[in-house]
Amino acid sequence: MRGNYGKQEPGSNLYIARGNVVVNNLKKQEKLETEELYWNRNKAKVYTDKFVIFTTAEQRLTGTGFTANQDLSRYSITKVTGVFNFEEE
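Remember, predicted model here, so these are calculated numbers, not experimental data.

*Asks:* Is there a simple way to explain the pattern of salt bridges in this structure?
*Replies:* Note that side chains of opposite charge can pair when their charged atoms are close. By the definition in use, this model includes three salt bridges. Measuring nitrogen to oxygen at the nearest pair gives 3.4 Å for the salt bridge that ties Lys 7 to Glu 9. Owing to a relative accessible area of 35%, Lys 7 belongs among the partly exposed residues under this scheme. On the basis of relative accessibility, which here comes to 25%, the residue Glu 9 falls in the partly exposed class.

*Asks:* Please clarify how the packing of aromatic side chains should be interpreted in this entry.
*Replies:* Two aromatic rings are characterised by how far apart their centres lie and by the angle between their planes. Inspection of the entire model under this criterion finds five aromatic pairs. Where Phe 54 meets Phe 66, the ring centres are 5.6 Å apart and the plane angle is 35°; that geometry is what we call tilted. Residue Phe 54 is found in strand S4 (residues 45-55), and its partner Phe 66 is found in strand S5 (residues 60-69); the two are separated by 12 residues along the sequence. Residue Phe 54 shares its accessibility class with Phe 66, and that shared class is buried. Geometrically, the ring pair formed by Phe 66 and Tyr 75 is stacked, given 6.0 Å between the ring centres and 20° between the ring planes.

*Asks:* Is there a simple way to explain unusual backbone geometry in this structure?
*Replies:* Most peptide bonds are trans, and most residues other than glycine sit at a negative phi. In this structure, Gln 29 takes a positive phi of about 55° despite not being glycine. Mapping Gln 29 onto the fold places it in the loop between strand S2 (14-25) and strand S3 (30-40). Assessed through its relative accessible area of 59%, Gln 29 is described here as exposed.

*Asks:* Even after reading the chapter, I still don't get the pairing of S5, so can you show me in this structure?
*Replies:* Working note: regular strand, side chains alternate between the two faces of the sheet. Of all 10 residues that make up S5, seven are buried, and the element is covered over most of its length. As paired elements, S4 and S5 share nine bridges and run antiparallel to each other. Residue Phe 51 lies in a different strand from S5, and its bridge partner there is Thr 64. Linking two consecutive strands that pair antiparallel, namely S4 and S5, is a turn of four residues. Relative to strand S6 (residues 75-77), S5 is paired through three bridges, and the arrangement is antiparallel. Note on S6: the bridge partner recorded for Thr 67 is Ser 76. Here S5 hands over to S6 after five residues, with Leu 72 in that stretch at a positive phi of 65°.

Reading the values: the criteria
Numbers given for residues are sequential positions, taken from 1 along each chain in its written order. Where local features are concerned, this predicted model is filtered to residues with pLDDT of at least 70; where side-chain atom pairs are given and counted, the filter is 80 or more; whole-chain, interface and lining totals use all residues. Think of the side-chain values as coming from all heavy atoms in the structure, minus any hydrogens and water. Salt bridges are defined as contacts in which a side-chain nitrogen from Lys or Arg sits within 4 Å of a carboxyl oxygen from Asp or Glu. Throughout, exposure labels follow a simple rule: accessible area from a 1.4 Å probe, protein chains only, divided by the maximum for the residue type, with under 20% read as buried, over 50% as exposed, and the rest as partly exposed. In this scheme Phe, Tyr and Trp rings, the latter by its six-membered ring, pair at centre separations within 6.5 Å, and the angle between planes marks the pair as stacked below 30 degrees, edge-to-face above 60, and tilted otherwise. Think of it this way: any DSSP run of H or I at least four residues long counts as a helix, any run of E at least two long counts as a strand, and we number them from the N terminus. DSSP bridges decide pairing: two strands pair if at least two such bridges lie between them.

Structure representation (structure tokens):
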């Protein structure tokens, strides 16, 4: 995770990154981009209520609001937009 500014909330395991925040999951070739991101180490979660761009090998999703476990293996985007790929059964 990188950003223009970061800090830890005093007395907690809550970290905040702001400004051009980028989180890469190199193993799965995924990237999260936003302007503000919170990381709760105790809960192993990252989240924001800001606009996000989430890019995978197959698609690019955008939305406002994002919650995920810290390795991005399970995530939820609220107010999502983007191009979705569906396979017919």
